[in-house]
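Topology and contacts: notes
In case you want the letters, here they are:
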Amino acid sequence: MTMIKVEHLKKSFGKKEVLKDISANVEKGKVISIIGPSGSGKSTFLRCLNVLETPTSGKIIFDGQDLTHISEKELDILREKMGMVFQSFNLFPNMNVVENVKLAPMKVKGVSEEEAEKQALELLDKVGLKDRAKQYPSSLSGGQQQRVAIARALAMNPEVMLFDEPTSALDPEMVGEVLKTMQDLADSGMTMVIVTHEMGFAREVSDEVWFMADGCLQEQGSPEQIFENPQSPRAKDFLSKVL
Amino acid sequence: MKKTKLFSFFFALLMFFSLGATFIKPAQAANQKQVAEGSILKKIKKSGELVVGTSADYPPLEFTTSENGKTKYVGVDIELARDIAKDLGVKLVIKNMSFDSLLVALETGKVDMVISAMTPTPERKQSVAFSKIYYKPSGEYFLVNKKDKDKYTSIQSLKGQTVGAQTGSNQYNLVKSQMKDSKLKGLGKINNLVLALQSGKVSAVVVEELIAKAYAENNSGLAAVRSNLKETQAGNAVAIAKGQDDLVAQVNKTIDQVQKKDLISKEYLPAAAKYMKTEKKSNTFAKYIPYFFKGIWYTIVITIFSVIIGIVLGIILALMRLSKNPILHWLAVCYIEFIRGTPQMVQILFVYFGIGYLISNLSALVAGIIAIGLNSGAYVAEDIRSGIDSLPKGQMEAARSLGLSRQKAFRYVIIPQAIKNIWPALGNEFITLLKDSSLVSVIGVAELMYQTQLVQTSTYKGVLPLFIAMIIYFIMTFSLTRLLNHFEKRMKRNDND
C-alpha cells in the first residue's frame, strides 16, 4: 500500500533548480534510505514531504490528500502523522526532556497532562533515557538529544518517520546509539524515510535505497542492487568513493 | 523587488495616516459639540462641578500649600474661583498644569475656565473669551540674585544678558518686544525659572510685583527690582471658551461683587499672605515627605500599567510584524516606525489633548498611562522581534513538524524562548519607562516629578527637591534592576546553561 505518492515534484530556490521532476512512492512499512552526494537535493526532497519546504510544482499525496493544495490547518493535521527528526536535534531548550516529549500531544491532541506524561516516560524508556526525564537538553550529549528528539516525534503516533541526516552532527562514538534506536524502530514496522550518509546502516536496515544526484532520483532499488550493482554512472562514481 | 517594497511601505504609511484622519474627524465634531454655545454652563450645573485650570506656581495669585500632608491650592485666583463656584452653586475642582497648556485645555474642554493671572491679549482673544479684568497687577518686576540687585535694574542694564519668563505668559511677550538686546529664556514653570536664576542660567526673571516680592521674601538669596517694562494691557481676567456668553455673564457678576466689596485687597490677598507666611515659618522638608510618597505611588502605578500595556501591545505588534498577512505586517511596521520616530513628550500631549477629544472624561493619569504604554509597545515589539529572529530556524520547524500550528508554535515554543533572550533588553526598556514616566508631569499627573515641582514651588527652593527626586528615582530603578537580574538568573538556572 502506498503511503506517500510523489508526482513530478520540482523545487527551485530563486533561479536555482534543486529538485528536477521527482516521482516516487513510499510504501507502508518500508524503510527507505536516501543517499547521494552533498547538494544533491536529498534534504530538500525530505523537507518537501511534510511541506517544510513548499514545492514549486508537483504533487505530494498523503492520506488521500495533495499536501501542496490544502490549507495550513489541514496541513497541520497531516503533519501530526509525519514525525520528523532533524540533523541538529532541535529540542526545545526551555523545556526539560519529558516536557519536550509531551508538549505536542497535550497542545495539539489535547491529551491530559497525566496521560501525556505516562506516554512520554514510556517512550523515553524505549530510547533508554527515562532517567534523564527531568534534565534540560543542554545537559545531554548529542546522541542522547537525538534519541529524545526521536521519542518526541513518536509521541504523536506518526504513520511515517522522516529522518534528515540524524547522525551527521554527532561525534562518532554517539552514532551507534542513535542508529540502534532507529534500528529498533524499523524492526517494529514503522515506515521510515532516512536521508543518511551512514552507508553501512542503509545497507543493513533499508528495504529500499534511493540514490539522488543533481536534483534527480537517479536510481531506486534494494540495498543489494544499489550497493553491489549500481547502474547509473553517477551512482557508480559516488559509491566507489564512499565504500 | 526593492522598488515595490519601498512603494508598499509608503502606501501603508499613507493608509496609516488616512486612518488617523478618519479618527480626527469625529474628534473635531466632538470638540465642536463640547464647546457648543452655552453648553459649558449646562455641563457645570449638571455635573455640579466647576473645573478651573491654573498654573499653581505663582504666589500669591495661585500656589500650593500643604495641609495635613495634602496639597491645597490657594491664592487670590483660587479664592476668586471659589466665589465663582459658590455663586454658581457648584463644587470647585482645581486642575493644575503648566501655563502653556492652559488654553489648550480650555479649548479641548478639559477645564471649564482658566484663572491663572492671565492677561487678555488680542492674540489670546482670538481663541478664547475673557471676563472683565478682576485684578490689575502693579507692574512687572525683575527677580534677580541678591548680589545683582544694584546691577540689573533696567532693560538697558540687562543688555546681552539672558532673561527668563514663563513661556506663553504676558511677561514672555513683553521681554520679546521690549528687551530685544537680551536673550529670552522661556520655561513652563516659575520654579524652574527661579532655579535657572539661582544657577546663573538667567540673569533676571520677569514676573509681576506680587510674585517677585513673594520669592524675594521667602528666599534670602533673591531680590525683587522694579522694571521699566511698559505694559499696554495690564490686568488679569478669567478665560472661558468662546460662545459661552451666559457663563461669562455669571463670572462677571461675581467679579462685580468682588470689586464692589474690594475683596481682593481685603480678603483674598491677606488670606494668601497668611498661607505664604505659614509656608515660611514651617518650611521644613519633613512636611513634604507625603508629597514624595504620593509621587512615588503614582510613578509606580503608571509604570506597572504602562508595562502591562507595553508587553501585550508589543507581543501583538511583533506577531503582526512577523505575520504573512501584508496588511497586518505593514500596519505594525508603520506604527512602530511612527512611534519610534516621534518624541514621547509630544505623544503624551497628543493622547491627552488629542484622544481626549474622543473620550471627554479621559483623566490625565489614564492618558499618561496609555501614552507611555503605546510608546513602550513599539519598543517592546522590536525587542521581541529581534529575540524571535535570533532563534534558530529549526525551533519553528521542529514545532511545525510535530503538528503545532503557527500560533501554537509561537505561543509555546518561540515566544517563551524569545522572552528569555530579550530579557535584558526588556529590562532596560522598563527602566527607561520608569524614568520617562516623569514626562507625564506636563499634563498634571501627580507623579514624582510633578510632586517635586510642587515642593519646589511651596518651599521656594529649587535644587534640594530635585536632588531628593533623583535619589528616589535611582532607588526605584536600582531595585528594579536587581529584581530583573534575579529573574534572569532564575531563568538561566532552568536552562542548566
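Bear in mind the structure is a predicted one, so any value in this text is a computation, not a measurement.

Before going further, it helps to examine the overall build of chain A. Looking only at helices and strands, chain A has 9 helices and 10 strands in total. Counting across all 243 residues of chain A, residues that qualify as buried make up 55%. Summing over all exposed atoms, chain A offers an accessible surface of approximately 10,300 Å²; the carbon and sulfur share of this is 47%.

What follows concerns the pattern of salt bridges. Close approach of charged atoms allows side chains of opposite charge to pair. Residues and elements named next belong to chain A. Enumeration over the complete set of coordinates arrives at 27 salt bridges over all chains. E117 serves as the salt-bridge partner of K102, at 2.6 Å between the closest nitrogen and oxygen. Placement of K102 in helix α3 (residues 97–109) and of E117 in helix α4 (residues 113–126) is noted, with a sequence separation of 15 residues between them. Classification of K102 by relative accessible area gives buried; the value is 7%. R147 serves as the salt-bridge partner of E177, at 2.2 Å between the closest nitrogen and oxygen. Of the two residues, E177 is situated in helix α6 (residues 172–187) and R147 in helix α5 (residues 142–154); the sequence distance between them amounts to 30 residues. Residue classification places E177 among the partly exposed residues on the basis of a relative accessible area of 25%.

This part covers the pairing of strand β1 (residues 49–54) of chain B. Residue and element names in this part refer to chain B. Of all the 6 residues making up β1, 5 are buried; the element is thus mostly covered by neighbouring parts of the structure. Where β1 lies against strand β4 (residues 91–96), 6 bridges are found, and the strand directions are parallel. Its bridge partner being in β4, T54 is matched across the sheet by N96. With 2 bridges connecting them, β1 and strand β5 (residues 113–114) associate as parallel partners. Bridge assignment links V52 to a residue of β5, and that residue is M113.

Residues and elements named next belong to chain B. Inspection of the secondary structure puts S203 in the loop between α7 (190–198) and β10 (204–208). For S203, the side chain forms a polar contact with the side chain of Q161, separated by 2.7 Å. Every residue in contact with S203, bar those within four places of it in the chain, is listed here: L143, V144, Y152, L158, Q161, T162 and L197.

Quick notes on the rules
Residues numbered from 1 in each chain as written. Chains lettered and ligands numbered in written order. Predicted model: local features only at pLDDT ≥ 70, side-chain atom pairs only at ≥ 80, totals over all residues. Heavy atoms only, no water. Helix = DSSP H or I, 4+ residues; strand = E, 2+ residues; numbered from the N terminus. Buried < 20%, exposed > 50% of the residue type's maximum accessible area, 1.4 Å probe, protein only. Areas by Shrake-Rupley, 256 points an atom, 1.4 Å probe, with all protein chains shown as cover. Salt bridge = Lys/Arg side-chain N within 4 Å of Asp/Glu carboxyl O. Pairing = 2+ DSSP bridges. Polar contact = N/O pair within 3.5 Å; in protein donor to acceptor, adjacent residues only side chain to side chain. Contact = heavy atoms within 4.5 Å.

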